[in-house]
Every structure is written in structure tokens, then in C-alpha cells.
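Architecture at a glance
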Amino acid sequence: LELQALNDAINALQVTINGTPTITDAQLALIGITGATVDNLDAIQITLAEGTTSDYDTLANVQARVTQTVTALNRLTAHSTLDADAGNNPQLQDYVDAGISGVSDKNLLAVNAQLRLTAELTDKNSAAEIQAIVTAANDAIAVITHFTAGDTALSVAQYEAAGMTGVSEDNLLAVNAQALLLTDVTAKNEVAEIQLLVTAANDAIAYIVSDIAPLT
């Protein structure tokens, strides 16, 4: 019975590597692989399938890939506070290593912001949950991208949800004005582009204070 279970686990590993997520956390443990849980199993299945049989010619290589995946996923799960040092926040490679797709330079900061907004660790400790967070980040960006005259004014929280920094009640009206002035949606569909609108808003306020106000 134990030999059959071991054989089944090895076969499940092979099938998973070939692209069909079959292996369980218990089967990984049976063949000596540590770190797999019910929560992180989907991420492990995804990343194992990104390799080929030749990449996993030893159990040590399988363990290395599992460890890399679990380490990256744990870093994403633990992200709850924006660090002033950008290097201490999740990077693109963390998402790749955790088996998460759809994250790029265009939306990374928004995805990180959505991770921070998800307070419960148990709501962001699997690949499926973080993949849903990527979707939420893209949706948050889209709200700003398609903001037009007649829409309800955007809030500070909506900018923060899309990964923007520097938006407050003090400059919110100016930032919204800049978003409305830029009608080309392709010029405001990335985090960096929208962040430029915040800069433009602050520049406009500074100009009014320094150049226009003294004339009145």
C-alpha cells in the first residue's frame, strides 16, 4: 500500500509538471518535499508546470522550485505596509516566482496596493487569491483611466487603491481636474502615467500659490 501511494505520488508529480495540476500537498510530503500546504498548493502546481521534466531530474531540484515558490508567495502574503524603500516592497519577480500572471511595470504598484488593502492574511495566501487581487488592481486603474466629466468625483481611497501616492484631500480636486483634462485613455492607463497627473496637479497648485495669488 505504501509503495502504491509512493508510485501514485511520483506519477502525480509527473502529470503536474506536464501541465495538469494533480499532485497534492500530502503526496509532495510523501516523496520528501517540504513546504507545501493546502493554501499554497495551487501556486506550487502552477510553477512546477512552468518547467519541464529535465528541470526536475532530482528531488532536490523539485524542492528548490517549491521553496522558491513558497518564499515568494509568503512575501506577497505578508505585504501589508508600503515601505519607503521600494526594494523592500514586492517586486515583479516575486509574482513570477509565486506563479502569478498579469503583473507588469504598468500595474505593479496597484497590485501591491491591493495586497495592502487585503488585511486578512488568509485572504491572500494562495495563487488564486492573489490572482484575484491582480484583477482588482486592474479594475482600480480602469476606474481612473475612464473617469470623465459627469462621473462621481474620484476619492483619495480610489487613487490609493490604484497604487497612487501623494493624493490627499488637499489636492484631490486638482488631481481629478488633471484626470479630466487628459482625455486620451491610453495616456492614463498605467500607474506611472496616473502618478504624473498627481505631479501635474501639485505643480498647478504651486503655480497658483506662488504666481497667481500674489496678484490678487
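Quick summary incoming for the structure in this document. Keep in mind that what you see is a predicted model, and the values were worked out from it rather than measured. (Residues numbered from 1 in each chain as written. Predicted model: local features only at pLDDT ≥ 70, side-chain atom pairs only at ≥ 80, totals over all residues. Heavy atoms only, no water.)

**Considerations on the overall build of the protein**
Of the regular secondary structure elements, the protein holds 10 helices and zero strands. Overall, the protein shows an N-to-C arrangement of helices and strands of α-α-α-α-α-α-α-α-α-α. Computed over the C-alpha atoms, the radius of gyration of the protein is 23 Å, more than 25% above the 17 Å expected from 2.2 N^0.38 for a compact globule of 216 residues. When its C-alpha atoms are laid out on the principal axes, the protein stretches across 90 × 30 × 30 Å. (Helix = DSSP H or I, 4+ residues; strand = E, 2+ residues; numbered from the N terminus. Rg over C-alpha atoms; globule rule 2.2 N^0.38 Å.)

**Comments concerning the nonpolar core**
Membership of the largest hydrophobic core comes to 36 residues, with the highest contact counts inside it found for Y95, I100 and Y159. Only α4 (59-78), α6 (108-117), α7 (127-145), α8 (156-161), α9 (172-181) and α10 (191-212) provide two or more residues apiece to this core. The contact partners of I100, leaving out residues within four places of it in the chain, are L76, Y95, A127, I130, Q131 and V134. With 16 residues, the next largest nonpolar core counts I17, A36, L41 and V66 among its residues. (Core = buried A, V, L, I, M, F, W, Y, C linked by side-chain atoms within 4.5 Å. Buried < 20%, exposed > 50% of the residue type's maximum accessible area, 1.4 Å probe, protein only. Contact = heavy atoms within 4.5 Å.)

**A word on the pattern of salt bridges**
Overall, the coordinates contain three salt bridges when judged by the stated rule. Ionic pairing is found between E50 and R65, a salt bridge with its closest N-O pair at 3.3 Å. You can see E50 sitting in the loop between α3 (41-49) and α4 and its partner R65 sitting in helix α4, a full 15 residues away along the chain. (Salt bridge = Lys/Arg side-chain N within 4 Å of Asp/Glu carboxyl O.)

**Examining the environment of I205**
Tracing the chain through its elements places I205 in helix α10. Sequence separation of I205 and A60 is 145 residues, and the distance between their C-alpha atoms is 59 Å. If we ignore the near neighbours within four places in the chain, the residues touching I205 are D170, N171 and A174.

**Let's talk about the side chain of T118**
Structurally, T118 can be placed in the loop between α6 and α7. Beyond its immediate stretch of four places on either side in the chain, T118 contacts D123, K124 and I133.

**Looking at the packing of α6 against α7**
Relative to each other, α6 and α7 sit at 115 degrees, their axes nearing to 8 Å. Judged by the sense of rotation from one axis to the other, the crossing of α6 with α7 is right-handed. Facing A110, V111, Q114 and L115 of α6, the residues of α7 in contact are I130, I133, V134, A136, A137, A140 and I141. Considered class by class, the residues forming the contact of α6 with α7 number 10 nonpolar, one polar and no charged. (Axes fitted to C-alpha atoms, helices over the stretch in contact; angles between N-to-C directions. Left-handed = near helix turned anticlockwise from the far one by under 90°. Nonpolar A, V, L, I, M, F, W, Y, C, P; charged D, E, K, R; others polar.)

**Some words on α9**
Every buried residue of α9 is listed here: L172, V175, N176, Q178 and A179. Buried residues of α9, seen end-on, are gathered within an arc of 160 degrees and therefore sit on one face of the element. α9 presents L173 and L181 as exposed residues on the side facing more than 90 degrees away from its buried surface. (Arc of directions from axis to C-beta.)

**Brief notes about the environment of F147**
Note that F147 resides in the loop between α7 and α8. As for F147 and V185, which are separated by 38 residues in sequence, their C-alpha atoms are 9.0 Å apart. Beyond its immediate chain neighbours, meaning those up to four positions away, F147 contacts T152, A153, L154, N176, A179, L180 and K188.

**Focus on the packing of α3 against α4**
The geometry of α3 relative to α4 is characterised by a closest axis approach of 9 Å and an angle of 130 degrees between their N-to-C directions. Relative to α4, the element α3 lies oblique. Handedness of the α3/α4 crossing: right-handed. Contact residues: α3 offers A43, I44, T47 and L48, while α4 offers V62, R65, V66, T69, V70 and L73. For the contact of α3 with α4, a count of residues per class yields seven nonpolar, two polar and one charged. (Parallel < 35°, antiparallel > 145°, perpendicular 65-115°, else oblique.)

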